[in-house]
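# A look at the structure
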Amino acid sequence: MANIPVKWVHSGMRGAPVISGTAGTLIAAIKAFLITGFAPTAAVSATVADGIATIMLPSGQSFEEHAVVLIAGGTPAEFNGEARVLTTASDRITIATTAPNGPITGSITVRYAPAGGWEEVFSKTNVSVFRSTDPTGSRFYLRVDDTGTTFARVVAYESMMDVDTGTGPFPSAAQSNGGGYWHKSGAANTTTIRWKMFSDSRFFSLAVASNSQQGPLFTSAPLRGFGDPIALSPSGDVWSSLICVSGSGNTNNAGFLDSCVTSNAGNGIHCARAINGFGGSVVCHPKAYTSRDSDVSGVSSFLGIAPSTVDGEIKHSRLFFAEAASNSPPRAETPGVLFIPQSGVTNLLSDGDIVNGAGALQGRRLMAVNTSTNQGISSSLGAYFVDITGPWRLS
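Residues numbered from 1 in each chain as written. Predicted model: local features only at pLDDT ≥ 70, side-chain atom pairs only at ≥ 80, totals over all residues. Heavy atoms only, no water.

Another point: the overall build of the chain. Helix and strand counts for the chain come out as 1 helix and 28 strands. Considered along the principal axes of its C-alpha atoms, the chain spans approximately 65 × 55 × 45 Å. A buried classification covers 54% of the 395 residues belonging to the chain. Restricting the contact set of the chain to residue pairs at least 6 apart, pairs at least 24 apart contribute 65%. Counting only carbon and sulfur atoms, one obtains 53% of the accessible surface of the chain, whose full area is about 15,000 Å². Of the charged side chains in the chain, 25 are positive and 27 negative; the average position of the first set lies 2 Å away from that of the second. (Helix = DSSP H or I, 4+ residues; strand = E, 2+ residues; numbered from the N terminus. Buried < 20%, exposed > 50% of the residue type's maximum accessible area, 1.4 Å probe, protein only. Contact = heavy atoms within 4.5 Å. Areas by Shrake-Rupley, 256 points an atom, 1.4 Å probe, with all protein chains shown as cover. Lys, Arg positive; Asp, Glu negative; His and termini not counted. Charge placed at Lys NZ, Arg CZ, Asp CG, Glu CD.)

A word on the sheet that holds strand β2 (residues 38–42). In spatial order, the strands read β2-β10-β5-β6; together these 4 strands make up an open sheet with antiparallel pairing. Taken across any chain shown, the strands that pair with only one partner, and hence form the sheet edges, are β2 and β6 (81–84). Sheet twist, expressed as the mean angle between neighbouring strand axes with direction ignored, is 30°. With 4 bridges joining them, strand β5 (residues 68–75) and β6 adopt antiparallel strand pairing. Its bridge partner lying in β6, valine 68 is registered against arginine 84. (Pairing = 2+ DSSP bridges. Axes fitted to C-alpha atoms, helices over the stretch in contact; angles between N-to-C directions.)

Looking at the element boundaries, aspartate 237 is found in the loop between β20 (230–231) and β21 (242–244). Of the residues examined, aspartate 237 reaches a relative accessible area of 9% and is grouped as buried.

Applying the stated rule across the entire model yields 20 salt bridges. We note a salt bridge from aspartate 351 to lysine 196, for which the minimum N-O separation is 2.6 Å. Remark: lysine 196 occurs in strand β17 (residues 194–199) and aspartate 351 occurs in the loop between β25 (332–339) and β26 (354–356); sequence separation between them is 155 residues. Pair check on accessibility: aspartate 351 and lysine 196 agree, each one buried. Aspartate 200 serves as the salt-bridge partner of arginine 393, at 2.9 Å between the closest nitrogen and oxygen. Remark: aspartate 200 occurs in the loop between β17 and β18 (203–209) and arginine 393 occurs in the segment after β28 (382–387); sequence separation between them is 193 residues. Both residues of the pair, arginine 393 and aspartate 200, count as buried. Counted as one network, the salt bridges with shared partners bring together Glu119, Arg131 and Arg139. (Salt bridge = Lys/Arg side-chain N within 4 Å of Asp/Glu carboxyl O.)

Here we come to the nonpolar core. One finds Ile55, Phe79, Trp182 and Met197 to be the most contacted residues of the largest nonpolar core, which totals 82 residues. In terms of nonpolar packing, the next biggest core, distinct from the first, is built from 11 residues, Ala306, Leu338, Ala383 and Phe385 among them. (Core = buried A, V, L, I, M, F, W, Y, C linked by side-chain atoms within 4.5 Å.)

Counting through the fold element by element, glycine 180 comes out in strand β16 (residues 180–183). Exposure remark for glycine 180: the relative accessible area of 0% places this residue in the buried category. Glycine 180 sits 64 residues away from cysteine 244 along the chain, and the two C-alpha atoms are 8.2 Å apart. Beyond its immediate sequence surroundings of up to four residues, glycine 180 is in contact with Ala152, Arg153, Val154, Pro171, Val245 and Ser246.

Across the sheet, 5 strands lie side by side as β7-β8-β4-β3-β9; this open sheet has antiparallel pairing. Looking along the sheet, the strands with just one partner apiece sit at the ends: β7 (87–89) and β9 (102–103). Here strand β4 (residues 52–56) pairs with strand β8 (residues 92–96) via 5 bridges, running antiparallel. Within β8, the residue paired with isoleucine 52 across the bridge is alanine 96.

Our next topic: unusual backbone geometry. Going from threonine 75 to proline 76, the amide bond is cis rather than trans, its omega being 15°. Note that proline 76 resides in the loop between β5 and β6. The omega angle of the peptide bond from alanine 306 to proline 307 is -5°, so this bond is cis rather than trans. Mapped onto the elements, proline 307 comes out in the loop between β23 (282–288) and β24 (317–323). Its identity is not glycine, yet alanine 39 carries a phi of approximately 60°, on the positive side. Within the secondary structure, alanine 39 is located in strand β2. Assessed through its relative accessible area of 8%, alanine 39 is described here as buried. If you check the backbone angles, aspartate 50 has positive phi at about 55° while not being a glycine. Mapped onto the elements of the fold, aspartate 50 is located in the loop between β3 (45–49) and β4. A residue is classified by how much of its surface remains accessible, and aspartate 50, at 68% relative accessible area, is exposed.

For the rest of this paragraph, the subject is the environment of glutamate 313. In this structure, glutamate 313 sits in the loop between β23 and β24. On the accessibility criterion, glutamate 313 (32% relative accessible area) is partly exposed. A C-alpha to C-alpha distance of 8.0 Å links glutamate 313 and alanine 358, two positions 45 residues apart in sequence. Glutamate 313 has contacts with Pro307, Ser308, Gln342 and Ala358, leaving out every residue within four places of it along the chain.

So yeah, pure geometry; function would need other evidence.
Here is the structure:
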């Protein structure tokens, strides 16, 4: 089956890796999502009827609707590969397939599919370096130092010679000595943390509710990420490759501000270089095409209360970022992420809810992710959307 460009997973899935306030858990979760997949299960049987395969599974070993699974070991060969789950029950899933009608033979295995198009280049204990294998991208490097408990330190490089040595860092040491912060937990313990991850072959993002160890109402999860955005320059812009981080290790100050999903002028996005290609790391500001600079997604009053009283839609806008200089034009767009310029969204949707896209996103599924200006609160939440269907880019 054909490769599916956008993958997503979350902590509530069966067999999902655990992120907690302990060393190494963030790297393990990233590696499982990007490279290996997780929750492998041996199918009981599989049968195809008119392009739809029903895969019977051991009770309780099923997979989530809309998620992408990787199938192997079946005959004929065209049954194997990636597929999106169409329907699910405790002991079965259905998928679309080009395999002919009839039973599928062989030792069939099913797992949540890895994002694909990524590799772990270097590693040592609780430190890993990842990069995209997509030949159309920048193929810059992401170094994740997960030796700490409540956060990991992250920095991107234009090139690397080994796990500790690289050139062209972003953020630079002057901007954030030791790298930026990706938060794991508000406490150094083994309590499971709520998280989501999204990726195509060139851009990876994660939304970690690092204070969810306080209880189920603490769902705020700012988006962080690494990789190639959707450059707006017709001639290309390899230097727009970005890393999105928090500038502080304090999880209570790690909310919507400084995230990839905000129209506030934060310091969380660092690009490899300015658009002219000169110098080193530059700070960029994320914004939405439809909002004010002080607005928070899902709390904004810019287009009124959701849903719209005109057409019943929850409105959304693509996000872009610009270099931090005043009145800089949009440089690139954040793949797959949508700002909601309306308020009252969390009265309609819960964190993780999936809705149908409309307009230009007709036929796609959008996942709601809760956020706020402060992760250490359980109220006053907004939300943003992530397109979990894709593709995020035209090429």
